[in-house]
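The residues making up each chain are set out below.
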Amino acid sequence: MTDRPRLSIGLPVYNGEEYLAESFDALLGQTYEDFELVVSDNASTDGTEDVCRRYAAKDPRIRYLRLPRNIGATPNHNLVLAESRGVLFKWASHDDLYGRDLLRRCIEALDERPEMILAHTGQAVIDGEGRVKVPYEYTLATDSPHAPERFRSLLFEPGGDDFYGVMRTDVLRRVKPMDSYHHADRTYVAEITLHGRFHQVPELLYFRRDHPNRAERANPSKRSRCVNLDPRRAGPLHPTPRLLAEYVWGFASAIRRAPLSPADRRACFRHLAAWMTSRARPGAGERVEDRAPVDPDRLAVSVDSLVAGREGRRT
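Residues numbered from 1 in each chain as written. Predicted model: local features only at pLDDT ≥ 70, side-chain atom pairs only at ≥ 80, totals over all residues. Heavy atoms only, no water.

### Quick notes on the overall build of the protein
Item 1. Each helix and strand in the protein was counted, giving 12 helices and nine strands.
Item 2. In the protein, which comprises 315 residues, the share counted as buried stands at 55%.
Item 3. For the protein, long-range pairs separated by at least 24 residues make up 77% of all intrachain contacts whose partners lie at least 6 apart in sequence.
Item 4. For the protein, the accessible surface area stands at approximately 13,900 Å², while carbon and sulfur atoms represent 51% of it. (Helix = DSSP H or I, 4+ residues; strand = E, 2+ residues; numbered from the N terminus. Buried < 20%, exposed > 50% of the residue type's maximum accessible area, 1.4 Å probe, protein only. Contact = heavy atoms within 4.5 Å. Areas by Shrake-Rupley, 256 points an atom, 1.4 Å probe, with all protein chains shown as cover.)

### Some thoughts on the environment of L244
Item 1. Here L244 lies in helix 10 (residues 240–257).
Item 2. In this structure the C-alpha to C-alpha distance between L244 and K222, which are 22 residues apart in sequence, comes to 8.8 Å.
Item 3. Discounting chain neighbours no more than four positions away, the residues touching L244 are H182 and K222.

### Considering a negative patch on the surface
Item 1. Negative charge collects at one region of the surface, where E17, E18, D50 and E129 lie side by side.
Item 2. Take E17: it is sitting in helix 1 (residues 17–28). (Patch = residues over 30% accessible without salt bridge, like charges linked within 9 Å, V, L, I, M, F, W, Y side chains within 5 Å. Salt bridge = Lys/Arg side-chain N within 4 Å of Asp/Glu carboxyl O. Lys, Arg positive; Asp, Glu negative; His and termini not counted. Charge placed at Lys NZ, Arg CZ, Asp CG, Glu CD.)

### Here we look at the packing of helix 7 (residues 184–193) against helix 10
Item 1. Running from N to C, helix 7 and helix 10 cross one another at 15°; their axes reach a closest spacing of 9 Å. Here helix 7 lies roughly parallel to helix 10, going by the angle between them. As helix 7 packs across helix 10, the resulting crossing turns out to be right-handed. Contacts between helix 7 and helix 10 pair R186, T187, A190 and E191 from the former with Y247, G250, F251, A254 and R257 from the latter.
Item 2. Looking at side-chain class alone, the contact of helix 7 with helix 10 contains four nonpolar, two polar and three charged residues. (Axes fitted to C-alpha atoms, helices over the stretch in contact; angles between N-to-C directions. Parallel < 35°, antiparallel > 145°, perpendicular 65-115°, else oblique. Left-handed = near helix turned anticlockwise from the far one by under 90°. Nonpolar A, V, L, I, M, F, W, Y, C, P; charged D, E, K, R; others polar.)

### Overview of unusual backbone geometry
Item 1. One non-glycine residue with positive phi stands out, namely A43, at about 60°.
Item 2. Topologically, A43 is positioned in the loop between strand 2 (35–41) and helix 2 (48–58).
Item 3. Even without a glycine there, the phi angle at H183 is positive, about 60°.
Item 4. In this fold, H183 is placed in the loop between helix 6 (169–174) and helix 7.

### Some remarks on the confidence of the model for the protein
Item 1. In the predicted model, the protein carries a mean pLDDT of 89, and the fraction of residues at 70 or more is 88%.
Item 2. Within the model, pLDDT remains below 50 along residues 310–315, and this stretch shows 13 contacts once partners closer than five positions in the same chain are excluded. (pLDDT = per-residue confidence, 0-100.)

### Focus: the pattern of salt bridges
Item 1. Evaluation of the coordinates by the stated rule reveals 25 salt bridges.
Item 2. Between R85 and E36 there is a salt bridge whose closest N-O contact spans 2.9 Å. Placement of the pair is R85 in the loop between helix 3 (73–82) and strand 4 (88–91) and E36 in strand 2, with a sequence separation of 49 residues.
Item 3. Since its relative accessible area comes to 34%, R85 is described here as partly exposed.
Item 4. Residues E49 and R53 are paired through a salt bridge, measuring 2.9 Å at the closest nitrogen-oxygen approach. Note that E49 and R53 are positioned in helix 2 at a spacing of four residues, about one turn of the helix.
Item 5. Overall, the relative accessible area of 24% leaves E49 in the partly exposed class.
Item 6. Of the residues examined, R53 reaches a relative accessible area of 45% and is grouped as partly exposed.

### Some details on the packing of aromatic side chains
Item 1. Under the counting rule described, the total for this entry stands at 12 aromatic pairs.
Item 2. With a centroid separation of 5.6 Å and an interplanar angle of 85°, the aromatic rings of Y247 and W275 are classed as edge-to-face. Here the residue Y247 occupies a position in helix 10, and W275 occupies one in helix 11 (residues 262–277), the gap between them amounting to 28 residues.
Item 3. Owing to a relative accessible area of 2%, W275 belongs among the buried residues under this scheme. (Phe/Tyr/Trp six-rings, centres within 6.5 Å; stacked < 30°, edge-to-face > 60°.)

### What to know about the pairing of strand 1 (residues 7–13)
Item 1. Judged by how many residues are buried, strand 1 sits mostly within the fold: seven of seven residues are covered.
Item 2. Residues L7, I9, L11 and V13 of strand 1 are buried on one face, and the alternating residues S8, G10 and P12, pointing to the opposite face, are buried as well.
Item 3. By the bridge criterion, seven bridges tie strand 1 to strand 2 in an arrangement that is parallel. Following the sheet pairing, S8 is matched in strand 2 by E36.
Item 4. A crossover connection joins strand 1 to the parallel strand 2 through helix 1; in handedness this β-α-β unit is right-handed. (Pairing = 2+ DSSP bridges. Right-handed = clockwise from strand over helix to strand, strands pointing away.)

### Some details on helix 4 (residues 102–112)
Item 1. Restricting attention to buried positions, one finds in helix 4 the residues L102, L103, C106, I107, A109 and L110. All buried residues of helix 4 lie within an arc of 155° about the axis, which places them on one face of the element. (Arc of directions from axis to C-beta.)

### Notes on the environment of G10
Item 1. Position of G10 among the secondary structure elements: in strand 1.
Item 2. Exposure remark for G10: the relative accessible area of 0% places this residue in the buried category.
Item 3. Along the primary structure G10 and L81 are separated by 71 residues, whereas in three dimensions their C-alpha atoms are 6.3 Å apart.
Item 4. With residues up to four places along the chain from it excluded, the contact list for G10 reads V38, V80, F89, K90, W91 and A92.

In structure tokens form, the structure reads like this:
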């Protein structure tokens, strides 16, 4: 690894003791090694600090930051990006798992395709024990050379976790930092795709963990989710209608800011108008893990065979 690593991985965490060691093992055991792992502990009250300090003492690639108070998930995500030094960047979650070649394959894809600004891999949703719940076929048209088509696909197609792909940091510096209204991550990725194309590596290397303590499960209402994203959303100044209005406005603002031709900008606004009239459709915008589970035996690959550090797991 060089003094300035090529890739920065940002891992914001709050009370992630249960799965954090597994995620550290999966990231630190990657076949691509030229990265820094920026961990921002959002004033956790469980054993997260002990886990982080133990791993940081063993691996110099980890930079551990502990915040004196909980600033919310969104500011913490923005903080690890601000602290990053690499020309490439990836967010990581404290409870997800990663195939050993995920970073290498994504970075190779970006090196081979300079027109692409984000690379990610095939994914599956796993449960708390690491068992596959939902293998996921990526159907979004984010590789289209036409920005309005990429934007339309992100509006209308369910699922997709491109937020956790490997991205070019200079592009992230040009888009508005992520906000904390309802589904702000969707508008954030939509703005990114207005700047360039995404590439999906056709290998199953990303495993998103779904469990009862995951933020979306632990905060079932729109209001509670947004307060978890930013405590400043609590109180009467941020009622649910405002959070939903900001969601729609987030898409519109992304279109206005993006480097688009007048024709492409108009096309994006037309897609946004069509999307707004379609929201009554059942299942619109659902996440992949909310679909009916399938038999994991249908998946032709074992999670254990792909993820680094599963044997002899450190705790």
